[in-house]
Amino acid sequence: MQTLETDILILGAGGAGLFAAVHAKEANPDLDVTIAVKGLLGKCGCTRMVQGGYNVALSPGDSVERHFMDTIVGGSWLNDQDLAWLLVSTAPVRIRELENQLGCFFDRNPDGTVHQKAFAGQTFDRTVHKGDLTGIEIINRLAEQVWRRDVRRIEDHRALDLIPSADGSELAGVLMLDMRTGEPLMVRARATLLATGGGPTMYKYHTPSGDKSCDGVAMALRAGLPLRDIEMVQFHPTGLLAGEGTRMTGTVLEEGLRGSGGWLTDAAGERFMFDYDKRGERATRDIVSRSIMHRIRKGFASPNGGVYIEMGHLGPDRVRREFKGMVERCADCGFDLAAGRVEVIPTAHYMMGGVVFAPDCTTPLPGLYAAGEDTGGVHGANRLGGNGVANSTVFGGIAGDVMGARTVRGGAHPEPDRAAIEAARDRAFTPLGRTPGDLSAMRERLYDIMWNDVGILRDEEGLARGAAALDALARDIAACGVGDTSRSYNLTWMDRLNLENLTLVSRAIAAAADFRHNSRGAHFREDHPQPGDLAASTFTKVRLDGDRPQVTAEAVRHTRVRPGESLLDQTPSPAQDQHTTA
Ligand SMILES: Cc1cc2nc3c(=O)[nH]c(=O)nc-3n(C[C@H](O)[C@H](O)[C@H](O)COP(=O)(O)OP(=O)(O)OC[C@H]3O[C@@H](n4cnc5c(N)ncnc54)[C@H](O)[C@@H]3O)c2cc1C
């Protein structure tokens, strides 16, 4: 097997991975840094897809404390407060870095200050953006910075498994697969960053890029690492419903549409959100998604099973000007967003849960760091729109700083556990040449199980049914070969590997969702609709015991502010306001 040795290995080239590469090189230019990515650097992952923008307290009327309180209240008090504080306090540094060092141009006000727009669930308009396609600007500039530095790129390579050292004390590297040739590659590294970006693509309707299949989270589970709050899957309320058989269905129509005054209406033409929350369409994503599902269940579904978003009352010209990308996306599918109405459905968008990590991006496995959507704890039970790209760039940068400062060149790399390499290789290569199964049907099964039983509205009966169906699906996938023994660009094989990871992480989500007997943020139990005592909040921890996910709970430490208190002068926090919806 081919082997590569490097000082720092970064898995993933989204906001987290690219920032980590730039910062690691800045911290120590002599280090050998390798970035390995499943797609092409600069062209894959979800950071490139960021539409609405980036949350940051810049304006004189705003403050880091206000951003923090919005993040904690939005997260239903489940956040790791030290991580959340690091997010909001480092975001201003990162946004200046993006503009002044990396060359991003964000939209500006006539007086030259950075324009910040409204996003739902926030008490101040703090979302920095470039039109409504902000991620392209961020990723293009970041990719240029990585290209101009001496960073090794291995593209079209997927990480298969984390390989511990022979004595089990640390991570020795990662077994990768060169998707172009189908050959394995063992990358040995002194420090490795997990930044593969989560991605809940196991749901029938979903937004993330097609290269994302929870690979990093699945690898962490297989390596024995704990996941925090993995039951917390965010649904974006307004996924486009463009009909069956088009991949445009499920893609997101950005939050700014509701933020700027868009209406949600049902088949009867009723604007229904104020029946559920006093903030109407500007309620947080969890509340809006649940309200839509409730409306649909009550029999007010549009022809394709969703509801409508309407913008025409704001003036079609303004809508075309301010939401050019969204208007064009809808027009491509035959819909008039500016003057008409467009069918939408909640769509799985983001995973708040992920690998347990510390403020310096270390994980419980020495040698492994984590950042971005692969991690859990920053957002608690619900991520505010605009806090996702802030999370990946803030923590990716921190991971790069820390790995760059702590990694020392010279000396031998940790010796990898040969048995672990063989086991990982067997897992990935066994399906080749074995009798093929119907992978498309298995994928549809996964979509339906997760949408119907582990989705937006959950209860004990559905979760038990979902868990049993996922176990059966996992067995069927394990027995399913891919027939064709050609390894080169074998997309059926890649699909099979993706499905295996997605199903494993789905089982973890179902187990944690079953375990949590209250409703917080994105997790809503119809049989346990109350949030419970916020002061006694616990977060879930899932690990694999053999091949079964085991769940435990740990107390959330309210290190900076307790429920009912606020960091803002004399302002009581709306801690109890989060669960006003049915
Ligand atoms: C349509 C859409 C719109 C969004 N809009 C916003 C917004 O307006 N504001 C906001 O804050 N957030 C938004 N988000 C969320 C935001 O994109 C994410 O929070 C953030 O970009 C995640 O960054 P990341 O670096 O963790 O992962 P990503 O940017 O997704 O990068 C993951 C990388 O890992 C690679 N990878 C995956 N698996 C493997 C593997 N096995 N081996 C090697 N590499 C692998 C991928 O190819 C990719 O390069 C949006 C998301 C979507 C999908």
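Just so we're clear, the structure is a prediction, and the values are computed from it rather than from any experiment.

Criteria and cut-off values
Once a new chain begins, its residue numbering starts again from 1 and follows that chain's sequence as written. Whole-chain, interface and lining totals are the exception, using all residues; otherwise, since this is a predicted model, local features are given only for residues with pLDDT of at least 70 and side-chain atom pairs are given and counted only at 80 or more. To obtain the side-chain values, all non-hydrogen atoms of the structure were used and water was disregarded. Put simply, DSSP H or I for four residues or longer makes a helix, DSSP E for two residues or longer makes a strand, and each gets a number counted from the N terminus. The quantity called the radius of gyration is restricted to C-alpha atoms. Its globule counterpart is 2.2 Å times the number of residues to the power 0.38. Each residue is placed in one exposure class: buried if its accessible area under a 1.4 Å probe, protein chains only, is under 20% of its type's maximum, exposed if it is over 50%, and partly exposed if it falls in between. In this analysis, two residues are considered to be in contact whenever any of their non-hydrogen atoms come within 4.5 Å of each other. To measure how exposed things are, a 1.4 Å probe is used in the Shrake-Rupley method; for residues, cover is taken only from the protein chains shown. In these notes, residues near a molecule or strand are those with any non-hydrogen atom within 4 Å of it. Nitrogen and oxygen atoms within 3.5 Å of one another constitute a polar contact, given that in protein one can donate a hydrogen and the other can accept it, and given that sequence-neighbouring residues count only through two side-chain atoms. Under the scheme applied here, ten amino acids are nonpolar (Ala, Val, Leu, Ile, Met, Phe, Trp, Tyr, Cys and Pro), four are charged (Asp, Glu, Lys and Arg), and all others, including Gly, are polar. By definition, two strands form a pair when at least two bridges between them are found by DSSP. Nonpolar cores are built from buried Ala, Val, Leu, Ile, Met, Phe, Trp, Tyr and Cys residues. Side-chain atoms within 4.5 Å join them into one set. Orientation is described by axes fitted as lines to C-alpha atoms, over the contacting stretch for helices, and by angles from 0 to 180 degrees between their N-to-C directions. Helix crossings fall into two classes, left-handed where the near helix is turned counterclockwise from the far one by less than a right angle and right-handed where it is turned clockwise. Orient the strands so they point away from the viewer; a crossover is then right-handed if the path from the first strand over the helix to the second runs clockwise. Working definition: a ring pair exists when centres of Phe, Tyr or Trp rings (six-membered ring for Trp) sit within 6.5 Å. Plane angles under 30 degrees give stacked, over 60 give edge-to-face, the rest tilted.

## Section: the overall build of the protein
Reasoning step 1: Looking only at helices and strands, the protein has 14 helices and 19 strands in total.
Reasoning step 2: In terms of overall size, the protein behaves like a compact globule, its C-alpha atoms giving a radius of gyration of 23 Å where 582 residues would be expected to give roughly 25 Å.
Reasoning step 3: With respect to the three principal axes, the spread of C-alpha positions in the protein is 65 × 55 × 50 Å.
Reasoning step 4: The buried share of the protein, taken over its 582 residues, is 62%.
Reasoning step 5: In the protein, of all internal contacts separated by at least 6 residues, the share reaching a separation of at least 24 is 75%.
Reasoning step 6: Summing over all exposed atoms, the protein offers an accessible surface of approximately 20600 Å²; the carbon and sulfur share of this is 49%.

## Quick notes on the site of the ligand
Reasoning step 1: In the vicinity of the ligand, 40 residues are found, and the nearest of them are Cys46, Thr47, Asp211, Lys212 and Asp215.
Reasoning step 2: At 3.3 Å from a nitrogen atom of the ligand is found a main-chain nitrogen or oxygen belonging to Gln51.
Reasoning step 3: Within the side chain of Asp215, one N or O atom sits 2.7 Å away from a nitrogen atom of the ligand.
Reasoning step 4: Of all the secondary-structure elements, those providing two or more residues to the shell around the ligand are helix 1 (15-27), strand 7 (157-164), strand 14 (341-351) and helix 10 (387-406).
Reasoning step 5: By residue number, the principal contributor to the shell around the ligand is helix 10, which donates four residues.
Reasoning step 6: Along the lines of polarity and charge, the residues of the shell around the ligand split into 14 nonpolar, 19 polar and seven charged.

## Looking at the environment of Phe539
Reasoning step 1: Examined against the element boundaries, Phe539 turns out to sit in strand 18 (residues 538-545).
Reasoning step 2: In the structure, Phe539 is positioned 27 residues away from Ala512 in sequence and 9.7 Å away in space, judged by C-alpha atoms.
Reasoning step 3: When sequence neighbours within four positions are dropped, the list of residues in contact with Phe539 reads Arg228, Asp229, Arg516, Thr552, Ala553, Glu554, Ala555 and Val556.

## Observations concerning the pairing of strand 7
Reasoning step 1: Most of strand 7 is tucked away, with seven of its eight residues classed as buried.
Reasoning step 2: Sheet topology places strand 7 next to strand 8 (residues 171-178); seven bridges connect them, and they run antiparallel. Along strand 8, the bridge assignment pairs Ile163 with Gly173.
Reasoning step 3: Connecting the antiparallel pair strand 7 and strand 8 is a turn made up of six residues, with Gly168 showing a positive phi of about 75°.

## Quick notes on the nonpolar core
Reasoning step 1: Tyr54 and Phe395 are the most contacted members of the largest nonpolar core, which totals 168 residues.
Reasoning step 2: Here this core takes 13 residues from helix 14 (residues 491-515), the largest share from any one element.
Reasoning step 3: With eight residues, the next largest nonpolar core counts Leu78, Met232, Met352 and Ala381 among its residues.

## Some words on the sheet that holds strand 18
Reasoning step 1: Judged by pairing direction, the sheet is mixed, and its five strands sit side by side in the order 17-15-10-18-19 without closing on themselves. Each edge of the open sheet is held by one strand with a lone partner, namely strand 17 (375-376) and strand 19 (548-555).
Reasoning step 2: With two bridges connecting them, strand 10 (residues 227-228) and strand 18 associate as antiparallel partners. Each residue of the ladder has a partner; that of Arg228, found in strand 18, is Lys541.

## Some points on unusual backbone geometry
Reasoning step 1: Even without being glycine, Ser76 reaches a positive phi, approximately 55°.
Reasoning step 2: Tracing the sequence through the fold places Ser76 in the loop between helix 2 (64-74) and helix 3 (81-101).
Reasoning step 3: A positive phi angle, close to 55°, is found at Cys214, a residue other than glycine.
Reasoning step 4: Within the element layout of this structure, Cys214 appears in the loop between strand 9 (183-194) and helix 5 (215-222).
Reasoning step 5: Note on Cys214: relative accessible area 0%, which makes it buried.

## Thoughts on the packing of helix 1 against helix 10
Reasoning step 1: Contact geometry of helix 1 with helix 10 gives a least axis separation of 7 Å together with a crossing angle of 35°. Relative to helix 10, helix 1 is oriented so that their crossing is right-handed. Note on element contacts: helix 10 touches helix 1 through Ser392, Thr393, Gly396, Gly397, Gly400, Asp401, Gly404 and Ala405, opposite Gly15, Ala16, Phe19, Ala20, His23, Ala24 and Ala27.

## Regarding the sheet that holds strand 5 (residues 127-128)
Reasoning step 1: As summarised here, the arrangement of the three strands in space is 3-5-4, forming an open sheet in which the pairing is antiparallel. Looking along the sheet, the strands with just one partner apiece sit at the ends: strand 3 (54-55) and strand 4 (116-117).
Reasoning step 2: Pairing analysis gives two bridges linking strand 4 to strand 5, with the strands arranged antiparallel. Note that in strand 5 the partner of Lys117 across the bridge is Thr127.

## Thoughts on the side chain of Asp7
Reasoning step 1: Turning to its location among the elements, Asp7 is positioned in strand 1 (residues 2-11).
Reasoning step 2: You can call Asp7 buried: its relative accessible area is 2%.
Reasoning step 3: Among the polar contacts listed, one links the side chain of Asp7 to the side chain of Arg190, at a separation of 2.8 Å.
Reasoning step 4: A distance of 2.8 Å separates polar atoms of two side chains, one belonging to Asp7 and the other to Arg409.
Reasoning step 5: If near-sequence neighbours (up to four positions away) are discounted, Asp7 is found in contact with Leu31, Asp32, Ala189, Arg190, Ala191, Thr407, Arg409 and His413.

## Some remarks on the pairing of strand 2 (residues 33-36)
Reasoning step 1: Every second residue of strand 2 is oriented toward a common face, with Val33 and Ile35 on one face and Thr34 and Ala36 on the other, all of them buried.
Reasoning step 2: In this sheet, strand 2 lies alongside strand 1 in parallel orientation, the contact comprising four bridges. What sits directly across from Ile10, in strand 2, is Ile35.
Reasoning step 3: Handedness of the crossover joining strand 1 and strand 2 through helix 1: right-handed.
Reasoning step 4: Direction of pairing for strand 2 relative to strand 6 (residues 151-154): parallel, over a ladder of four bridges. The partner of Ala36 across the bridge, within strand 6, is Ile154.

## What about the packing of aromatic side chains?
Reasoning step 1: Taken as a whole and assessed by the stated rule, the structure comprises seven aromatic pairs.
Reasoning step 2: Ring plane angle 75° and centroid distance 5.4 Å describe the contact between Phe357 and Phe395, whose orientation is recorded as edge-to-face. Within this pair, whereas Phe357 is found in the loop between strand 15 (354-356) and strand 16 (368-370), its partner Phe395 is found in helix 10, the two being separated by 38 residues in sequence. Of the two residues examined, Phe357 and Phe395, each falls in the buried class.

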